[in-house]
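Given next are the chains, with one letter for each unit.
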Amino acid sequence: MQKVVLYIKPVLSSSNSTQVFQRVDLMEEELIELTQVIQDARDIEKIFTDYSKTFNLPASATNNKIFSHWYDPDIIGFNNLQYADSRIELDHFHFKFGKIKLEEVVMKNKKPFMYKVTFFGNTLTLTDLIGEDLLENLPYLQNFNFSSTSATVKDGLENGLDITVDGVTYNNAIIYPLIGHSVSYIIDDTNNGDNGLNVSTVQPDNNTERGVVPPDLKPAIKIQHIIKAIEVRYGLTFKTTEFLDSTALDNLYLWLHRDKGQLTSISSVDITNHDFTCISTLVSCQHFDSTNQFSYFDNVSSPTTNGGVFRMEYTHSQGLAQPEEFNFQAQITPSSSTLQYSIDIVDFDTGEVYSTNENIIGTQPVGRGFGDVANGVPMSVNEVIRVFLRIRCNFSMTFDVAINVDHKFWEYGYQSQRSFTAIYESNNSSISLNSDVSILEQMPEMKVLDFLRSIFRMHNLTAFIDFNNKVVVKTLDSFYQSGQLIDITKYVKTDEHIVSSIVPYSEVDLEYSDPETILATRFQLNNSRKYGELNYQSGFTKEQKYEIEIPFEHMVFERLQDLTDSDLSTIQIGASIDSDLNPTIGDPLLFYGIHQTSADPLNFVYSSRSDVYGALVPSGQRFLLTSYWIPSMNNELGTPTTPPAYNLNFGSEINTYQLTDYAGNNNSLFQLYYQNYILRIFNTKTRLFKYDAILPLKVILQLSLDDKIVIDGRVFTINKMTTKLTSGESSLELLSEAPYQTVTATASVSYDNSNYCTNGASDPSPTFTPAGGTFTSS
């Protein structure tokens, strides 16, 4: 019999101070029964954790203090809505870190009698910490914001954007892949010179008015930076050198596509602190200055006060009668004649937008009149109106401003209405608008937990927290390969055990969410299945189907071929449009980014695109790009005979770049991460063995779920293990390795407990020396 010691670090509602682990009084007759399971063959999607049956703690003075008399609702103390950190020791050897949940208190004669609690392993921490947070709630990602200019988009497409965070430079942290949010490109070296979507550089007609333009594209961010943001946000540490740090994720990106169509992050600049000069005749300018107290720019007389705010004042002392009408008109001249922008006239005091001109190109005016004599609404004497200009644009730009002002009024000594006009020009001919892309504003709407669960389900991952409080993430295959071989035959009750079938389903279906994009939708209609889907039929008679659906859009990418001679190019594209050629949103999109270099030239033009699909764009500066980022379901191009190392399809699909399915051996998600486990549990020779055993302390402390168990020469993996910690009585659910194999394995276990203290400052590090036995599985 081993002595069980339980420590709890209380969570107090009334205090934010850090608590320390406190030893809990246990009921001597209580046998804490702990169940350990990583992945249950009968529920292959779920990732489990250690958990105990609910057990009892006495309502002793010590425990009442730890739980702060929680049974009394008038006392604000222990918070049972949060899990409390906990630690279990066996004979003062560290056994498990985890969480304790206070379930209820049993009262007798109006006094507490015992507390009912449940222990959970530390993997539960992920759910507890993250809750319902969205990806847009990860502030670390703000480090990857960048300025949006035509040059930036070109650089992100051609090279990728390197971002430096805390002195570390991350190469290609942001890319602009060839995914049109509202268009699908073509390539034609001979014809279609008047098609604005033709990216060919050969056809000379209109080659400055077609091709890829900056507003067509949206950025994407490496998912490894999202994972880092999760670490920072929730105080986690994912162990390096494991799966989340592997080459399978090196060039995996999340497309920053939050809304349909063009990037919606619009920056603006208010023209409220700029100097202007009146360039009209002397008489007109005198009627628009502060000396004559008619109407003027504040900064004409006082450049440091509300500069650029047009202010109108009227007073009888200057010989004016009732003023009647005033008109204000402005226009800007942008440095680029192709950038789309909007301009507003705004009330300086109230923020009211008086007038606006949306989505304009080049130099176009916006105006507003004040006072309307024809309708009997003249302006008031001494009325003051202050307005300013606001410029809005998706991209950074420079521009100059011109303002035309005039007012009409009756003046003593004149028999008719008089009119004065003045034109002002900004003294700065290159006012700047810097448009930054905010990563959080562009992040697709998705919960952090759903993001992590999706990555886990795609790659059949499992997770646990190690002795260093790091989250270890492994594929299920690598998890089982990392264990030891331990023979427990002499501890097992071999006089009676149960052998049962493991097959729970007739088929397993692995798929992504329903498609929204045009090619994926057509694929589903033509093939009666989703692109990338895997349907595994067992052939067994059970009529239960198991489905895993990943909430990501799964886009069919297209390698462009010349429309005239059908020659394949090195350009592969995606199109976020529906069957009616309208922009669509769909679920978040994951893809591999592949950097094409020394590739077929691509026509890129500094311009913008009209609403007419395929129309020519305004003429702009042209670039021939021979390097660019293409989207792919594969992490590399591969060859016609060698498949890429990683593939985002669950099932076998034709490689859209190499146009081959490699006879089904294409390193799909199923092949790499599910096949061994699925084939094993559906193998007609696989059985679920149930044994009872009494395990000694050295085995309980050593045994982990990745270990291979040997009983009477047969090798098993652990499906589930439940142990009474005091007595060592254990119930084991074991999956047989097939075919049958005989092995011999022994092990020795030793501990160094010299540096271990009860507050958990350091943990014993068991040294396990396996025997020289070897085994194989199939």
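Along every chain, residues carry numbers that run from 1 in the direction the sequence is written. The predicted origin of the model limits local features to residues at a pLDDT of at least 70 and limits the giving and counting of side-chain atom pairs to 80 or more, whereas totals for whole chains, interfaces and linings rest on all residues. With hydrogens and water stripped out, all remaining heavy atoms of the structure feed into the side-chain values.

**Quick notes on the environment of N666**
Right, so step 1: Structurally, N666 is set in the loop between β40 (628–632) and α11 (669–681).
Right, so step 2: In the structure, N666 is positioned 20 residues away from Y646 in sequence and 8.1 Å away in space, judged by C-alpha atoms.
Right, so step 3: Excluding residues that lie within four positions of it along the chain, N666 makes contacts with P643, P644, N647, G651, S652, E653, D661 and Q671. Runs of E in the DSSP output that reach at least two residues are strands. Runs of H or I that reach at least four are helices, and both are numbered from the N terminus. Any two residues whose heavy atoms approach within 4.5 Å at even a single point are treated as in contact.

**Remarks on the pairing of strand β34 (residues 545–550)**
The side chains of a regular strand alternate between both faces of the sheet.
Right, so step 1: Only protein chains enter the accessibility calculation, which uses a 1.4 Å probe; a residue whose area is less than 20% of its type maximum is buried, one above 50% is exposed, and one in between is partly exposed. Residues Y546, I548 and I550 line the buried face of β34, whereas the alternating positions K545, E547 and E549 sit on a face that is not buried.
Right, so step 2: For two strands to be treated as a pair, DSSP must find at least two bridges joining them. In this structure, strand β32 (residues 507–512) lies alongside β34, joined through six bridges in parallel fashion. Note on β34: the bridge partner recorded for D509 is E547.

**A short note on the sheet that holds β34**
Note on sheets: strands pair through backbone hydrogen bonds, and any given pair is parallel or antiparallel.
Right, so step 1: Taken in spatial order, the three strands line up as β33-β32-β34 in an open sheet, and their pairing is mixed. The strands lining the two open edges of the sheet, one partner per strand, are β33 (534–537) and β34. For this sheet the average axis-to-axis angle between neighbouring strands, irrespective of direction, equals 10°.
Right, so step 2: Comment: axis = line fitted to C-alpha atoms, over the contacting stretch for helices; angle = value between 0 and 180 degrees taken between N-to-C directions. Taken strand by strand, α11 contacts β32, β33 and β34, and its axis lies near 20° from that of β33.

**Some words on α11**
Right, so step 1: Here the expected length of a helix is defined as 1.5 Å per residue gap, with one fewer gap than residues. Over its 13 residues, α11 runs 18 Å from end to end, which matches the ideal 18 Å to within 8%, given 1.5 Å per residue.
Right, so step 2: To get the bend at any residue, fit one axis to the seven residues that end at it and another to the seven that begin at it, then take the angle between the two axes. Remark: the principal bend of α11, roughly 60°, maps to Q675.
Right, so step 3: The complete set of buried residues in α11 reads L669, F670, Y673, Y674, Y677, I678, R680 and I681.

**Some details on the confidence of the model for the protein chain**
Right, so step 1: Here the protein chain averages 82 in pLDDT, while 82% of its residues score no lower than 70.
Right, so step 2: The score called pLDDT rates the predictor's confidence residue by residue, from a low of 0 to a high of 100. Low pLDDT, under 50, characterises residues 299–306; the predicted model gives this stretch 17 contacts beyond four residues in sequence or across chains.
Right, so step 3: For the stretch residues 315–320, pLDDT sits under 50, and the model shows 15 contacts to residues farther than four places along the chain or on other chains.

**Remarks on the environment of A330**
Right, so step 1: Structurally, the position occupied by A330 is in strand β19 (residues 320–334).
Right, so step 2: With 75 residues separating them in the primary sequence, A330 and V405 have C-alpha atoms 8.5 Å apart.
Right, so step 3: Dropping the residues within four chain positions of it, A330 is found in contact with Q364, P365, V366, L389, A402 and I403.

**Focus on the packing of helix α4 (residues 223–234) against helix α8 (residues 448–459)**
Right, so step 1: Contact pair α4 / α8: the axes reach a minimum separation of 12 Å and the direction vectors enclose 130°. Compared by their axis directions, α4 and α8 come out oblique. For the crossing formed where α4 meets α8, the hand is left-handed. Packed against α4, whose contacting residues are I223, I226, I227, I230 and Y234, the element α8 presents V448, F451, L452 and I455 at the interface.
Right, so step 2: Residues are grouped as follows: nonpolar covers Ala, Val, Leu, Ile, Met, Phe, Trp, Tyr, Cys and Pro; charged covers Asp, Glu, Lys and Arg; every other residue, Gly included, is treated as polar. The residue makeup of the contact of α4 with α8, split by class, is nine nonpolar, no polar and no charged. Throughout, the term roughly parallel applies to angles under 35 degrees, roughly antiparallel to angles over 145, roughly perpendicular to angles from 65 to 115, and oblique to all others. Crossings are classed by handedness, with left-handed meaning an anticlockwise turn of the near helix from the far one by less than a right angle and right-handed meaning a clockwise turn.

**Observations regarding helix α3 (residues 150–158)**
Right, so step 1: Of all nine residues making up α3, seven are buried, and the element is well covered by its neighbours.
Right, so step 2: Along α3, the residues classified as buried are S150, T152, V153, K154, G156, L157 and E158.
Right, so step 3: Of the residues one or two after α3, G160 is the one with positive phi, at around 95°.

**Regarding the sheet that holds strand β36 (residues 568–575)**
Right, so step 1: Reading across from one edge, β12-β36-β35 is the order of the three strands in this open sheet, with mixed pairing throughout. Here the strands that pair on one side only, and so sit at the sheet edges, are β12 (179–180) and β35 (558–561).
Right, so step 2: Alignment of β12 against β36, held across two bridges, turns out to be parallel. Within β36, the position partnered with I179 by the bridge is G574.

**Section: unusual backbone geometry**
Right, so step 1: Look at N172: it is not a glycine, yet its phi comes out positive at around 55°.
Right, so step 2: The residue N172 is located in strand β11 (residues 168–175) in this model.
Right, so step 3: Its identity is not glycine, yet L581 carries a phi of approximately 65°, on the positive side.
Right, so step 4: Inspection of the secondary structure assignment puts L581 in the loop between β36 and β37 (590–596).

**Here we look at the packing of α8 against α11**
Right, so step 1: Here α8 crosses α11 at 80°, and the two axes come no closer than 8 Å. Overall, the two elements α8 and α11 adopt an arrangement that is roughly perpendicular. Contacts between α8 and α11 involve R457, M458 and H459 from the first element and L669, Y673 and Y674 from the second.
Right, so step 2: Among the residues making up the contact of α8 with α11, the classes are represented as four nonpolar, one polar and one charged.

**As for the nonpolar core**
Right, so step 1: By nonpolar core we mean a set of buried residues, namely Ala, Val, Leu, Ile, Met, Phe, Trp, Tyr and Cys, connected to one another through side-chain atoms within 4.5 Å. With 188 residues, the main nonpolar core has I230 and F451 as its most contacted residues.
Right, so step 2: Setting aside residues no more than four positions away along its own chain, I230 makes contact with I130, L138, L236, F238, V448, F451 and L452.

**A look at the pattern of salt bridges**
Right, so step 1: The salt bridge criterion pairs a side-chain nitrogen of Lys or Arg with a carboxyl oxygen of Asp or Glu, the two atoms within 4 Å. According to the stated counting rule, one finds 18 salt bridges in the structure shown.
Right, so step 2: K101 is the salt-bridge partner of E103, the closest N and O atoms lying 3.5 Å from each other.
Right, so step 3: Given the relative accessible area of 33%, E103 is considered partly exposed.
Right, so step 4: Take K101: its relative accessible area is 23%, and that puts it in the partly exposed class.
Right, so step 5: Notably, a salt bridge pairs E132 with K447, separated by 2.5 Å at the nearest N-O pair. Residue E132 is found in the loop between α2 (125–130) and β9 (146–147), and its partner K447 is found in the loop between α7 (439–442) and α8; the two are separated by 315 residues along the sequence.
Right, so step 6: Look at the salt bridges and you will find they share partners, linking E511, D514, K530 and E549 into a network.

**Here's the deal with the side chain of T149**
Right, so step 1: Among the secondary structure elements, T149 is positioned in the loop between β9 and α3.
Right, so step 2: Side-chain polar atoms of T149 contact the side chain of T152, separated by 2.8 Å.
Right, so step 3: If sequence neighbours within four positions are ignored, T149 has contacts with F395 and S396. Polar contacts, as counted here, are pairs of nitrogen or oxygen atoms within 3.5 Å of one another; within protein the pair requires one atom able to donate a hydrogen and one able to accept it, and residues that are adjacent in sequence qualify only if both atoms are side-chain atoms.

**Re the environment of L616**
Right, so step 1: By secondary structure assignment, the location of L616 is in the loop between β38 (602–605) and β39 (622–625).
Right, so step 2: For L616, a relative accessible area of 29% corresponds to the partly exposed category.
Right, so step 3: Along the chain, L616 and D194 lie 422 residues apart, while their C-alpha atoms are 6.4 Å from each other.
Right, so step 4: If sequence neighbours within four positions are ignored, L616 has contacts with G193, D194, N195, G196, N206, E209 and R210.

**Considering the packing of aromatic side chains**
Right, so step 1: Note on ring pairs: Phe, Tyr and Trp rings are taken, using the six-membered ring of Trp, and paired if centres are within 6.5 Å. Classes follow the plane angle, with under 30 degrees stacked, over 60 edge-to-face and the rest tilted. Tallying each qualifying case throughout the model produces 20 aromatic pairs.
Right, so step 2: Each ring, one from Y253 and one from F591, has its centre 6.0 Å from the other, and the planes form 20°; the classification is stacked. Of this pair, Y253 sits in strand β14 (residues 252–255) while F591 sits in strand β37, and the two are 338 residues apart along the sequence. The burial state of Y253 is the same as that of F591; both residues are buried.

**What to know about a nonpolar patch on the surface**
Right, so step 1: There is a patch of nonpolar side chains on the surface, built from L568, I654 and L659 and spanning about 280 Å² of accessible area.
Right, so step 2: Looking at the secondary structure, you find L659 in the loop between β40 and α11. Patch membership is restricted to residues that have no salt bridge and whose relative accessible area is over 30%. Joining uses 9 Å for like charges and 5 Å for the nonpolar side chains Val, Leu, Ile, Met, Phe, Trp and Tyr. Using a 1.4 Å probe, the Shrake-Rupley method yields the accessible areas, and only the shown protein chains count as cover for residues.

**A few points about the pairing of β40**
Right, so step 1: β40 sits mainly inside the fold: five of its five residues count as buried.
Right, so step 2: Here β40 shows a buried face lined by Y628, I630 and S632 and a second buried face lined by W629 and P631.
Right, so step 3: Direction of pairing for β37 relative to β40: antiparallel, over a ladder of five bridges. Bridge pairing in β40 links Y592 to S632.

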